[in-house]
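So you can see what is in the structure, the chains are spelled out below.
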Amino acid sequence: MGQLLQELKRRNVVRVGVAYVVVAWLVIQVIETVSDPLGLPDWTEAFFIVLMLAGLPVILLFSWAFELTPEGLKKTEDVEIDKSVTDVTGKKLNYTIIVVLALALGYFLWERQGLVEQAEQTATEQAAEVTETSGEASIAVLPFVNMSADPEQEYFSDGISEELLNLLAKIPDLRVPARTSSFQFKGQNLDISEVAEQLNVKHVLEGSVRKADVRVRVTAQLIEAETGYHLWSDTYDRELDDIFAIQDEISAAIVTALSDTLGLQVEAAPHVSTVTNPEAYNLFLLAQHQVKERTKTDLESAIPNYERALELDPNYAPAHAGIGLAWYLLAATDGTYGTLPLDESLSKAMPHIEKALHLDGEMPEALGVMGLTLDARERYEEAIPYYEKALQLNPSLTDVRNWYSQSLSDLGRADEALAQMERAYEIDPLSVLTLNNYTNELMLRRRFDAMEPVLDRLTQIDPARGASFKGFVLITQGRAAEGVAQPLQAIELDPDNLRIRSQAAWGLWNLGHKEAGESVWPFPDNLLDLVGFGTDFEYILALAQENHSKDPDNPNALEQLAWAHWEAGNREEGLRLANQYLDSLGETRRPIDGSNMMLALDAMDRGDEEAMLARIGPIEKRFDEQIASGVDFFWVHVMKAMILEMRGKSQLALDHLEKATTRSVMPVERLAYVYEYMGWKDDPDFVVLQQRHRSYMLAERSKLLDVACGPDGFEAWQPSAAECGKAPGPN
């Protein structure tokens, strides 16, 4: 054993091993440092570690078997002991080890100093953040308790609370959580400190309202959440005519109290918009309460109340803004709640919105609704300034912030859209709309860890909606049967929720249970949104023509009709309508809209490469920016795959198509249609992917049917005995 160790030392095997390990460690540290700046793949560092480990035994064997002599590299056994120069080589190796160790020590000290500086910077930032937060003026306005003899007067106390909230939200440097979050605590007997913690505020305003005939009593108190100390309180007994003066006085008193406590600098408290007739105000508050419910019945009931308020006071701007929003929300679109054609809805809404802005061009609510109506006509660029001005005047209008985020997304500004939803979540953490849209933004990016607490909060407030989102997540994770089962089960929690029913129907239909999907679909007058992803193109065209004839000025209906003609083989008519649709869009949206793909495909078919590239360039840039911002949604990958194939980059196209097919329930026949058109059906690699997708879809379809036919089936879908007894056929 001793002789072996002596021979290892003589042949410099130990020195070579030490030198190799030190150099390998230094190389790995350098790789770790430069990976992020150079954009190297995540596996780079692991690859080099494995490579270095694999090289160690090789270099040790090599140093044992060979010796470096003045004549060159020779086998050790061929070098006579007395002519060996291993001692000279050993000294050189010692010098090498010393130099490399010095470099490694220098690198270690440099890295440690960087970590210290980074830690100091982080600590400084955190301290600054804590200081800023601790000195921040913030207040939550809880819904005032209705103390009137008539419980039906609750809308009045709610309205007073909301008016005060909107007044305070206009004060610079005062953070006010939005109505939807504050009103989540209505009827709950929670400790003020607990409410303040959930809303992340320092102060809470609470009170009560008693209304009797033409008299009203308003009691209000401002509480410091941490101590429970009452900074201010007062009671106002007035005629109903003085309700606006009461609100102004409360607002001014709060500003004074917070100025004394936190040094809030405000020249003057904002004033409420007044109305000349108390009954008009009463009707306005009732209509506002009904609009907040966001159901077709409540919206239809709100309209006559607004109209009666305007008969009593034709120049009451808030009522004009409110009825404008109500008419728009009665449209038959994805984001609204009624059945009116969009053109009819807007023709009734716009005169009121324009009147409101004519009376008060600084009204945040009217500015926001104007942006929303422009958005509905896909005039996104024009909508943006209205949203921005509204939020500048009242940052707590999170409905407007949600609309603003969607417009930014439609214009390809994905990072900004996400930032607005993050801001909305800070201001309005208990709003179902905000939680819904923020969850969606995080899900599109597959940021499941960040999404989990947001989705948990949404589920606590709205279990049915939370279950539907969990369904989407399961689908994106390759568990389609479980994903479609979630909204089917959620229907039992909320049978009247049309959006959950539509999600369940969409999942059933795409997974191959088409008759079941159509039976669950809650919009029988608009089947196109369900079946439009299929391949019965003549049927789809008939539906698109019917939709367009009902609402000819709806840009979405025009776009759907253009694609229906194109896919049904009426290429010239499809192109004509696509150009008509694109011409109606703003300059920013026009080149990045998906309908440009139709013109690009036409150019490809004609062999006009220049025209094809001109069309796909802006679209590809939009998708690349979305992907760079973290968006990992199946449709982005489908479009990216098609564009890459059109550029002749089939392997990259295959990578994106694989992501698309493993993160959705794309109908088998639809994928086959895309394969036929793009020429993928004869490519062996693409064929393997298609077969794998087909097998997955059939397996998931069968799993879902097994659940539906089992003891824990679904109320919304109960397959027949015949269906439960037969195996699934082709989709």
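**Quick notes on the nonpolar core**
Logical step 1: Counting residues in each nonpolar core, the largest one holds 82 residues, and the members touching the most others are Trp680, Leu704 and Trp717.
Logical step 2: Ranked by residue count, the leading element in this core is helix α29 (residues 634-646), at nine residues.
Logical step 3: Not counting residues within four places of it along the chain, the set of residues in contact with tryptophan 680 comprises Ala641, Met642, Glu645, Ala653, Leu657, Val674, Tyr675, Phe686 and Val687.
Logical step 4: In this structure, Tyr281, Val291, Leu397 and Leu411 belong to the second largest nonpolar core, which totals 77 residues.

**Examining the packing of helix α13 (residues 364-376) against helix α15 (residues 398-410)**
Logical step 1: Running from N to C, α13 and α15 cross one another at 35°; their axes reach a closest spacing of 10 Å. Note on packing geometry: the crossing formed by α13 with α15 is left-handed. On α15, the residues that touch Gly368, Val369, Leu372 and Asp375 of α13 are Val400, Trp403, Ser407 and Asp410.
Logical step 2: In the contact of α13 with α15, the residues fall into four nonpolar, two polar and two charged.

**Quick look at helix α18 (residues 448-461)**
Think of an α-helix as turning once every 3.6 residues; residues three or four places apart then point the same way.
Logical step 1: Under the 1.5 Å per step criterion, the end-to-end length of α18 is 19 Å for 14 residues, consistent within 8% with the ideal 20 Å.
Logical step 2: Those residues of α18 hidden inside the fold are in contact with α16 (414-427), α17 (432-444) and α19 (463-476).

**Observations concerning the pairing of strand β3 (residues 137-141)**
Logical step 1: Among the five residues of β3, five are classified as buried, and the element is accordingly described as predominantly covered.
Logical step 2: Every second residue of β3 is oriented toward a common face, with Ala137, Ile139 and Val141 on one face and Ser138 and Ala140 on the other, all of them buried.
Logical step 3: Alignment of β3 against strand β5 (residues 174-175), held across two bridges, turns out to be parallel. Bridge pairing links alanine 137 to leucine 174 in β5.
Logical step 4: By the bridge criterion, three bridges tie β3 to strand β6 (residues 203-212) in an arrangement that is parallel. Looking across to β6, one finds that alanine 140 is bridged to valine 204.

**A closer look at the environment of aspartate 234**
Logical step 1: With respect to the element layout, aspartate 234 can be found in strand β8 (residues 230-239).
Logical step 2: Looking at aspartate 234, the relative accessible area reads 34%, which means it is partly exposed.
Logical step 3: C-alpha separation for the pair aspartate 234 and glutamate 249, spaced 15 residues apart in sequence, amounts to 10.0 Å.
Logical step 4: Setting aside anything within four residues of it in sequence, one finds aspartate 234 in contact with Val218, Thr219 and Ala220.

**Comments concerning the confidence of the model for the chain**
Logical step 1: Taken over all residues, the pLDDT of the chain has a mean of 82, while the share at 70 or more is 79%.
Logical step 2: Scored below 50 in pLDDT, residues 115-135 shows three contacts in the model against residues more than four places distant or in partner chains.

**Here's the deal with empty space enclosed by the protein**
Logical step 1: One pass over the structure, following the stated rule, counts two cavities of 30 Å³ or more.
Logical step 2: Space inside the largest cavity adds up to approximately 60 Å³.
Logical step 3: Contributing elements (two or more residues each) for the lining of the largest cavity: α5 (154-169) and α9 (278-292).
Logical step 4: Split by residue class, the lining of the largest cavity holds three nonpolar, three polar and four charged.
Logical step 5: Estimates place the volume of the second largest cavity at around 50 Å³.
Logical step 6: In this structure, the second largest cavity is lined by Gly159, Glu162, Glu163, Asn166, Phe284, Leu285 and Gln288.
Logical step 7: Elements that contribute at least two residues to the lining of the second largest cavity include exactly α5 and α9.
Logical step 8: When residues in the lining of the second largest cavity are grouped by element, the largest group, four residues, is from α5.
Logical step 9: Tallied by class, the residues present in the lining of the second largest cavity amount to two nonpolar, three polar and two charged.

**Some details on unusual backbone geometry**
Logical step 1: Positive phi, normally seen in glycine, also occurs at glutamate 378, with a value near 60°.
Logical step 2: Within the fold, glutamate 378 resides in the loop between α13 and α14 (380-393).
Logical step 3: Phi at arginine 446 takes a positive value of approximately 55°, unusual for a residue other than glycine.
Logical step 4: Looking at arginine 446, the relative accessible area reads 25%, which means it is partly exposed.

**Quick word on the packing of aromatic side chains**
Logical step 1: Tallied over the full model, the rule gives 16 aromatic pairs.
Logical step 2: Ring centres of tryptophan 521 and phenylalanine 523 lie 5.6 Å apart, and the angle between their planes is 80°; on these two criteria the pair is classed as edge-to-face.
Logical step 3: Note on tryptophan 521: relative accessible area 10%, which makes it buried.
Logical step 4: With centroids separated by 6.4 Å and ring planes inclined at 10°, the aromatic side chains of phenylalanine 714 and tryptophan 717 adopt a geometry described as stacked. For the pair formed by phenylalanine 714 and tryptophan 717, the shared burial category is buried.
Logical step 5: Through a chain of ring-to-ring contacts, three or more aromatic side chains come together here, namely Tyr281, Phe284, Tyr306 and Tyr316.
Logical step 6: Between lysine 514 and the ring centre of tryptophan 509, over which it is positioned, the NZ or CZ distance is 3.6 Å.
Logical step 7: One Lys or Arg, arginine 571, reaches over the ring of tryptophan 566 and ends 4.1 Å from the middle of that ring.

**Some remarks on the pattern of salt bridges**
Logical step 1: Evaluated as defined, the whole model comprises 29 salt bridges.
Logical step 2: With its nearest N and O atoms 3.2 Å apart, the salt bridge here joins arginine 294 to aspartate 399. Placement of arginine 294 in the loop between α9 and α10 (296-312) and of aspartate 399 in helix α15 is noted, with a sequence separation of 105 residues between them.
Logical step 3: Of the residues examined, aspartate 399 reaches a relative accessible area of 27% and is grouped as partly exposed.
Logical step 4: Here glutamate 546 and lysine 550 are joined by a salt bridge, their closest N and O atoms 3.4 Å apart. Placement of both glutamate 546 and lysine 550 in helix α24 (residues 537-550) is noted, with a separation of four residues, approximately one turn of the helix.

**Details of the state of the cysteines**
Logical step 1: Using the criterion set out here, one finds one disulfide in the structure.
Logical step 2: Each sulfur of the disulfide joining cysteine 709 and cysteine 724 lies 1.9 Å from the other. Of note, the bridge from cysteine 709 to cysteine 724 carries an S-S torsion of about -90° and is left-handed in sense. Remark: cysteine 724 occurs in helix α33 (residues 721-725) and cysteine 709 occurs in helix α32 (residues 684-709); sequence separation between them is 15 residues.
Logical step 3: The exposure class assigned to cysteine 724 is partly exposed, which follows from its relative accessible area of 33%.

Cut-off values and rules
Residues numbered from 1 in each chain as written. Predicted model: local features only at pLDDT ≥ 70, side-chain atom pairs only at ≥ 80, totals over all residues. Heavy atoms only, no water. Core = buried A, V, L, I, M, F, W, Y, C linked by side-chain atoms within 4.5 Å. Buried < 20%, exposed > 50% of the residue type's maximum accessible area, 1.4 Å probe, protein only. Helix = DSSP H or I, 4+ residues; strand = E, 2+ residues; numbered from the N terminus. Contact = heavy atoms within 4.5 Å. Axes fitted to C-alpha atoms, helices over the stretch in contact; angles between N-to-C directions. Left-handed = near helix turned anticlockwise from the far one by under 90°. Nonpolar A, V, L, I, M, F, W, Y, C, P; charged D, E, K, R; others polar. Expected span 1.5 Å × (residues − 1). Pairing = 2+ DSSP bridges. pLDDT = per-residue confidence, 0-100. 1 Å grid on protein atoms, 1.4 Å probe; cavity = no way out; pocket = protein on both sides within 12 Å on 5 of 7 lines; lining within 4 Å. Points joined across faces, edges and corners; volume = space filled by probe spheres on them. Phe/Tyr/Trp six-rings, centres within 6.5 Å; stacked < 30°, edge-to-face > 60°. Lys NZ or Arg CZ within 6 Å of the ring centre and 35° of its normal. Salt bridge = Lys/Arg side-chain N within 4 Å of Asp/Glu carboxyl O. Disulfide = S-S within 2.5 Å.

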